[in-house]
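Geometric and topological summary
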Amino acid sequence: MALVPYDSEGIGIQKFHKPQATYTFANRTIQIHQDWKQLGVAAVVWDAAVVLCTYLETGAFNLQGCSAVELGAGTGLVGIVAALLGAHVTITDRKIALEFLKSNVQANLPLDIQPKAVVKELTWGKNLGTFSPGEFDLILGADIIYLEETFVDLLHTLEHLCSDRAIILLSCRIRYERDHNFLKMLAKHFTVQEVHYDLEKDVHIYKAHRRSHKEDL
């Protein structure tokens, strides 16, 4: 979903123009192809994705055999790492970014793990009929909270995909008041708590799950 460039606030935009970014997760070297000129922010690795991958690697959530989905995947780094850590992952973005996304997924997953990662089109709030309600145990999103006009569709998408026991992990840098507004919207439907903050990268990770009847009382 992350397809419209926005102010990078002096964080070193030159790194986004590099054709490749290299990381080490799950005891593997991951080489992510970037293409800022063609796809803008959808085709570069943002700090929120790196922080979320690091958090997943700590084992805070048991990924072995779980059914996960990444929203607004962009380069696919988070979904790739989740698959390497044992999850069955559906890695999603808008149609325009899918071929780019597929190329990164295929280049970084061993052949025996590739069947665990499916790249699929998802435009928030639009083609939800291709996904079963409550289909996933874990929903992942890195830096997907920034375009206010997408907030209602994103919330609707989370509600559709999230089972009663599912966990949502959203990693983001809080840049604007509207980012707080989305978290308030989310908290009306889900129990939300901050579970990690990376001071160096100024990135927060929020964990959410459906409200239980007891919590609503």
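Look above for the structure.
Please read all numbers here as calculations on a predicted model, not as lab measurements. (Residues numbered from 1 in each chain as written. Predicted model: local features only at pLDDT ≥ 70, side-chain atom pairs only at ≥ 80, totals over all residues. Heavy atoms only, no water.)

Describing the overall build of the chain
In plain terms, the rule: Runs of E in the DSSP output that reach at least two residues are strands. Runs of H or I that reach at least four are helices, and both are numbered from the N terminus. Only C-alpha atoms enter the radius of gyration; for comparison, a globular chain is expected to reach 2.2 Å times N to the power 0.38, where N is the number of residues. Exposure classes here rest on a 1.4 Å probe applied to the protein chains alone. A residue is buried below 20% of its type maximum, exposed above 50%, and partly exposed in between. Every residue pair with non-hydrogen atoms within 4.5 Å of one another is taken to be in contact. Note on areas: these come from Shrake-Rupley sampling with a 1.4 Å probe, and a residue is covered only by the protein chains present in the view. This count recognises Lys and Arg as positive and Asp and Glu as negative, with His and chain-terminal groups excluded. Where a charge lies is defined by one atom per residue type, namely NZ (Lys), CZ (Arg), CG (Asp) and CD (Glu).
When you go through the chain residue by residue, the secondary structure sums to seven helices and nine strands. Radius of gyration (C-alpha) of the chain: 16 Å, near the 17 Å computed for a compact globule of 217 residues. Principal-axis analysis of the C-alpha atoms places the extent of the chain at approximately 50 × 40 × 35 Å. Taken over 217 residues, the chain has a buried fraction of 53%. Partitioning the intrachain contacts of the chain with sequence separation of at least 6 by distance along the chain shows that 68% fall at a separation of at least 24. As displayed, the chain has an accessible area near 10200 Å², and 49% of this comes from carbon and sulfur atoms. Looking at the chain, you have 21 positive and 26 negative side-chain charges, and the mean spots of the two groups are 2 Å apart.

Details of the sheet that holds strand 4 (residues 88–93)
Keep this limit in mind: Pairing between two strands is assigned when DSSP locates at least 2 bridges connecting them. For helices, the fitted axis covers only the stretch in contact; all axes are lines through C-alpha atoms, and the angles between them, taken along N-to-C directions, range from 0 to 180 degrees.
Pairing within the open sheet is mixed, and its seven strands lie in the order 5-4-3-6-7-9-8. Here the strands that pair on one side only, and so sit at the sheet edges, are strand 5 (117–121) and strand 8 (190–198). The average undirected angle you get between the axes of adjacent strands in this sheet is 20°. Here six bridges tie strand 6 (residues 136–142) to strand 7 (residues 162–172), and the two strands are oriented parallel to one another. Its bridge partner being in strand 7, Gly141 is matched across the sheet by Leu170. Strand contacts of helix 5 (residues 151–161): strand 3 (67–71), strand 6, strand 7, strand 8 and strand 9 (203–210), with the helix running at about 140° to strand 7, the strand carrying the most contacts. Strand contacts of helix 6 (residues 177–187): strand 7, strand 8 and strand 9, with the helix running at about 140° to strand 8, the strand carrying the most contacts.

Thoughts on the packing of helix 5 against helix 6
What describes two packed helices is the angle between their axes and the distance between those same axes. As a reminder of what qualifies: Less than a right angle of anticlockwise turn of the near helix away from the far helix marks a crossing as left-handed, whereas a clockwise turn marks it as right-handed. Gly is put with the polar residues, along with every residue not named as nonpolar or charged; the nonpolar set is Ala, Val, Leu, Ile, Met, Phe, Trp, Tyr, Cys and Pro, and the charged set is Asp, Glu, Lys and Arg.
For the pair helix 5 and helix 6, interaxial distance at closest approach is 11 Å and the crossing angle is 35°. Once helix 5 is placed against helix 6, the crossing between them reads as right-handed. Facing helix 5, whose interface residues are Phe151, Val152, Leu154, Leu155 and Leu158, helix 6 presents Arg178, Phe182, Met185 and Leu186. Residue classes in the contact of helix 5 with helix 6 are distributed as eight nonpolar, no polar and one charged.

Examining the pairing of strand 6
A regular strand places its side chains on the two faces of the sheet in alternate fashion. Cut-off, in case you're wondering: Assignment of crossover handedness uses the view with strands pointing away from the viewer, where a clockwise path from the first strand over the helix to the second indicates a right-handed crossover.
Of all the seven residues making up strand 6, six are buried; the element is thus mostly covered by neighbouring parts of the structure. Examined bridge by bridge, strand 3 and strand 6 share four bridges and lie parallel to one another. Paired with Glu70 across the two strands is Leu140, which belongs to strand 6. Crossover strand 6 to strand 7 through helix 5 is right-handed.

Describing the pairing of strand 7
The buried count for strand 7 comes to nine of eleven residues, which makes it a mostly enclosed element. Inspection of the sheet shows strand 7 paired to strand 9 by five bridges, in the antiparallel sense. When the bridges of strand 9 are listed, Leu170 appears paired with Tyr206.

So, helix 3 (residues 77–84)
Among the eight residues of helix 3, eight are classified as buried, and the element is accordingly described as predominantly covered. Within the span of helix 3, buried status applies to Leu77, Val78, Gly79, Ile80, Val81, Ala82, Ala83 and Leu84.

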